[in-house]
Amino acid sequence: MHVEEWLQTIPAVWVYVLVGAVIGLESLGIPLPGEIVLVSAALLSSKGVVSPVVVGVCASAGAIIGDSIGYYIGWKGGRPLFDRLGRRFPKHFGPPHIAKAERLFDRWGMWAVFFGRFVALLRILAGPLAGALRMPYWRFLVANVLGGIVWAGGTTTAIYYLGIVADKWLKGFSWVGLVAALLFGLGTTVWLKRKVRAAEDEPESVSAR
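Here we summarise the structure given alongside this text.

Scoring rules and cut-offs
Residues numbered from 1 in each chain as written. Predicted model: local features only at pLDDT ≥ 70, side-chain atom pairs only at ≥ 80, totals over all residues. Heavy atoms only, no water. Helix = DSSP H or I, 4+ residues; strand = E, 2+ residues; numbered from the N terminus. Buried < 20%, exposed > 50% of the residue type's maximum accessible area, 1.4 Å probe, protein only. Contact = heavy atoms within 4.5 Å. Areas by Shrake-Rupley, 256 points an atom, 1.4 Å probe, with all protein chains shown as cover. Expected span 1.5 Å × (residues − 1). Core = buried A, V, L, I, M, F, W, Y, C linked by side-chain atoms within 4.5 Å. Axes fitted to C-alpha atoms, helices over the stretch in contact; angles between N-to-C directions. Parallel < 35°, antiparallel > 145°, perpendicular 65-115°, else oblique. Left-handed = near helix turned anticlockwise from the far one by under 90°. Nonpolar A, V, L, I, M, F, W, Y, C, P; charged D, E, K, R; others polar.

Turning to the overall build of the protein, a few remarks are in order. When helices and strands are counted, the protein shows 10 helices and zero strands. Secondary structure elements of the protein, listed N to C terminal, follow the sequence α-α-α-α-α-α-α-α-α-α. Buried positions account for 44% of the 209 residues belonging to the protein. Across the protein, every contact between residues at least 6 apart in sequence was considered, and the portion connecting residues at least 24 apart equals 77%. About 11100 Å² of surface is accessible on the protein, with carbon and sulfur atoms providing 70% of the total.

Shown next as structure tokens:
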């Protein structure tokens, strides 16, 4: 069976559910590959398997709802919550990670929530940490909604068009074309994340001097 025929057999509703669920769980503080799931779904939309608009809407909804639940959890749990998580999951919630996230919150406030959507560490911590630090909910909500829509919609749109372009160039290569398009999309995402991290670390290196 040709790859495009196989892709057409995937029920679109399950792709939408997976996108919303994984991104929502990641946003409330559970380390999951939300970005990879979104990129993969956007590539499927470029193949006509799912709608890019619905993918973007589901991803935005998952991000906004998940962050809001994470905010509530952080508000209720406070700092002791992160102490417990740090002991159980030091790779994601260890003291260095929490300290770095807190510095970004102190420096940028609600903008840390907005731009945190584009950074793996803050995408997991933004909601719970904003609640634990008692950020006013209306400020959090504005940044959360805007960040979720821009991140989900922008990523879906960019990968969708990249997938279309890659498909034109790699037409007829079946699985090779799909894998190459996926790797290209993931490579672009990693490059953008490194640029954001470099921009984050620059103020710290300047202040250290």
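On to the side chain of Ser60, then. Looking at the element boundaries, Ser60 is found in helix α4 (residues 52-88). Among the residues examined, Ser60 registers a relative accessible area of 10% and is labelled buried. Discounting residues that sit within four places of it in the chain, Ser60 has contacts with Gly148, Ile149, Ala152 and Gly153.

The terminal C-alpha atoms of helix α3 (residues 34-46), which comprises 13 residues, lie 19 Å apart, in line with the 18 Å expected from a rise of 1.5 Å per residue. Counting buried positions along α3 yields 11 of 13 residues, so the element is predominantly enclosed. If you check which residues of α3 are buried, you get Gly34, Glu35, Val37, Leu38, Val39, Ala41, Ala42, Leu43, Leu44, Ser45 and Ser46. Following α3 by one or two positions, Gly48 has its phi on the positive side, about 85°.

Core analysis: the biggest nonpolar cluster contains 17 residues, and Val15, Val19, Ile23, Leu38, Val50, Val55 and Ala59 have the highest contact counts within it. Counting residues per element, this core draws most heavily on helix α2 (residues 12-27), which supplies five residues. Setting aside chain neighbours within four positions, we find Ile23 in contact with Gly34, Leu38, Ala59, Gly62, Ala63, Arg117 and Trp151. Among the nonpolar cores identified, the runner-up in size contains 15 residues, and Ala112, Ala126, Ala130 and Ala143 belong to it.

Turning next to the packing of α2 against α3. Each pair of packed helices can be summarised by the angle the axes make with each other and by the distance between the axes. The geometry of α2 relative to α3 is characterised by a closest axis approach of 9 Å and an angle of 160° between their N-to-C directions. Comparing their axes, α3 and α2 come out roughly antiparallel. Our pair here, α2 against α3, has a crossing hand that is left-handed. Between α2, through Val15, Leu18, Val19, Val22, Ile23 and Glu26, and α3, the contact on the second element is made entirely by Gly34, Glu35, Val37, Leu38, Ala41 and Leu44. For the contact of α2 with α3, a count of residues per class yields nine nonpolar, one polar and two charged.

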